[in-house]
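Chain residues, written in single-letter form:
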Amino acid sequence: MKVLISGASVAGPALAYWLHRHGFEVTVVERAPAPRDSGYAVDFRGAAFDVLDGMGILEEVRGHETMMRGTDLVDEEGRKTGELPAEAFAGDLEVPKRELTRILYRLTEGDVRYVFGDSISRIDQDDSGARVEFERGEPGVYDLVVGADGVYSTVRRLAFGPHERFVRHLGMSGVGFTTANHLALDHRGVLQTAQGRAVYLFSAADADRMTVSMSFGTDSAELDLMERDRQEEVVRERMAGAGWVVPRLVEDMAAASDFLFSSACQVEMERWSDGRVVLVGDAGYCAAPTSGMGTSQALIGAHTLARHLAASAASAGGHAAAFQAYEEELRPYVLENQKHGREAVAMFGG
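Residues numbered from 1 in each chain as written. Predicted model: local features only at pLDDT ≥ 70, side-chain atom pairs only at ≥ 80, totals over all residues. Heavy atoms only, no water.

Draft legend 1. Spatial organisation of the pairing of strand 4 (residues 71-74). Where strand 4 and strand 5 (residues 80-84) come together, four bridges link them in antiparallel fashion. Counted as the bridge partner of Val74 is Lys80 from strand 5. Connecting strand 4 to the antiparallel partner strand 5 that follows it, the hairpin turn spans five residues, and Gly78 within it adopts a positive phi of roughly 90°. Across four bridges, strand 4 lies against strand 13 (residues 188-194) in parallel orientation. When the bridges of strand 13 are listed, Leu73 appears paired with Leu191. (Pairing = 2+ DSSP bridges. Helix = DSSP H or I, 4+ residues; strand = E, 2+ residues; numbered from the N terminus.)

Structural data, given as structure tokens:
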């Protein structure tokens, strides 16, 4: 069975690993020109450890642990008012996302066909298969197409409809980047929340650098798809008048090469599959970054989908039964995580 996966971040390569292990022929297409080396810290909780262990990479992933020691709460002047334990942000294990992405790619590159610098542009499906067209490459026919391409999934848009039907904005947007470690943070974070905005800073893997997150309340997620100049303008507007180190951070933002603007969103869908197309990870059921469960959901979702596809592969039309079983098993877990994601937004000033 030939499977095409769109997206080479976490869910896509994890699913590719398990499908190849079950005898599927897998191609992964990724818009980026090479394996992604972006993103900040990701954490793991619960059954995600079983998935990493089953892939034989748990100890390797542990080797990149950030070893965070907690987060100080500060007021508008930067004075400490309290403290949060490390697990409040880091879960049971936290690693830089780039390290996880590298490990997953290295684990699968010899067995899975990767196509970088391209994206799906059209999907037509019938009883015999799914014909897929690409922005650059030649079209192909696959038995299944998987969208593992994030909140603004191209596969979801082509197969299910426009983003606004499924992306629920939670009232908060923000920017992330790295800069010089002005506060000399040592495996520690600092969180300031005031007047509908939040600033979270931490340093872990590189003592000379710290990660910056500045978030604030917004009415929609449309800023996510706008040009960087407009996004920076909004950040400056919303952070105007803030004290402490915020003015310096706003200056640093303009020079950041790893600038990333995003909103706290959830993806809500009545079903995660349509015919031969299925979604996994944030593309189908993002729980919002505030849930702390995005990476765990991606790994667990990929493993669950592959397990059900393997179990039904021998039967005619077995993918339909596999998709249904995948949804029935995973949806209660996703709904609980999405609930936590909504509740946590208030902590960050949303």
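Draft legend 2. Expanded view of the sheet that holds strand 11 (residues 144-147). On the basis of which strands lie adjacent, the open sheet formed by six strands has the order 7-2-1-11-18-17 and mixed pairing. If you trace the sheet from one side to the other, it starts and ends with strand 7 (113-116) and strand 17 (273-274), each paired once. Bridge count between strand 17 and strand 18 (residues 277-279): two bridges; the pairing is antiparallel. Among the inter-strand pairings, Asp274 is bridged to a residue of strand 18, identified as Val277. Strand contacts of helix 11 (residues 318-345): strand 11, strand 17 and strand 18, with the helix running at about 20° to strand 18, the strand carrying the most contacts. (Contact = heavy atoms within 4.5 Å. Axes fitted to C-alpha atoms, helices over the stretch in contact; angles between N-to-C directions.)

Draft legend 3. Structural context of the packing of aromatic side chains. Considering all chains together, one arrives at nine aromatic pairs under this definition. Judged by centre distance (5.7 Å) and plane angle (5°), the ring pair of Tyr114 and Phe116 falls under stacked. Take Phe116: its relative accessible area is 23%, and that puts it in the partly exposed class. Following the ring pairs from residue to residue traces out a cluster consisting of Tyr105, Tyr114 and Phe116. The residue whose ring lies beneath Lys2 is Tyr142, and the NZ or CZ to ring-centre distance is 5.4 Å. (Phe/Tyr/Trp six-rings, centres within 6.5 Å; stacked < 30°, edge-to-face > 60°. Buried < 20%, exposed > 50% of the residue type's maximum accessible area, 1.4 Å probe, protein only. Lys NZ or Arg CZ within 6 Å of the ring centre and 35° of its normal.)

Draft legend 4. A look at the packing of helix 10 (residues 294-312) against helix 11. Relative orientation of the contacting elements helix 10 and helix 11 amounts to 155°, with a least axis distance of 8 Å. Between helix 10 and helix 11, the crossing angle belongs to the class labelled roughly antiparallel. You can see that helix 10 and helix 11 cross each other, and the crossing is right-handed. For the pair helix 10 and helix 11, the contacting residues are Ser296, Gln297, Ile300, Gly301, Thr304, Leu305, Arg307, His308, Leu309 and Ser312 in the first and Gly318, His319, Ala322, Phe323, Ala325, Tyr326, Glu329, Leu330, Tyr333, Val334 and Asn337 in the second. Across the contact of helix 10 with helix 11, the residue classes tally to ten nonpolar, nine polar and two charged. (Parallel < 35°, antiparallel > 145°, perpendicular 65-115°, else oblique. Left-handed = near helix turned anticlockwise from the far one by under 90°. Nonpolar A, V, L, I, M, F, W, Y, C, P; charged D, E, K, R; others polar.)

Draft legend 5. Focus on the nonpolar core. In terms of nonpolar packing, the biggest core is built from 73 residues, with Ile5, Phe44 and Val280 touching the most fellow members. Beyond its immediate chain neighbours, meaning those up to four positions away, Ile5 contacts Gly12, Leu15, Ala16, Leu19, Val26, Thr27, Val28, Val29, Val146 and Ala148. With 24 residues, the next largest nonpolar core counts Val199, Met214, Phe216 and Met239 among its residues. (Core = buried A, V, L, I, M, F, W, Y, C linked by side-chain atoms within 4.5 Å.)

Draft legend 6. A look at the layout of surface pockets. Its volume calculated, the second largest pocket comes out at about 170 Å³. Lining the second largest pocket are Tyr152, His163, Glu164, Val167, Arg168, His169, Ser220, Ala221, Glu222 and Leu225. Partitioning the lining of the second largest pocket into residue classes produces four nonpolar, three polar and three charged. (1 Å grid on protein atoms, 1.4 Å probe; cavity = no way out; pocket = protein on both sides within 12 Å on 5 of 7 lines; lining within 4 Å. Points joined across faces, edges and corners; volume = space filled by probe spheres on them.)

Draft legend 7. Expanded view of unusual backbone geometry. The phi dihedral of Gln195 falls on the positive side, at around 55°, and the residue is not glycine. The residue Gln195 is located in the loop between strand 13 and strand 14 (197-203) in this model. The exposed category is assigned to Gln195, whose relative accessible area is 59%. The phi angle at Ala288 is positive, at roughly 85°, despite the residue not being glycine. Tracing the backbone shows Ala288 in the loop between helix 9 (282-285) and helix 10.

Draft legend 8. Representation of the sheet that holds strand 8 (residues 120-126). What the three strands build is an open sheet, ordered 8-9-10; its pairing is antiparallel. Single-partner strands in this sheet number two, and they are strand 8 and strand 10 (140-142). Between one strand axis and the next, the sheet turns by 25° as a mean value, whatever way the strands run. As paired strands, strand 9 (residues 129-134) and strand 10 are joined by three bridges and run antiparallel to one another. Residue pairing for strand 10: Arg131 is matched across the bridge by Val141.

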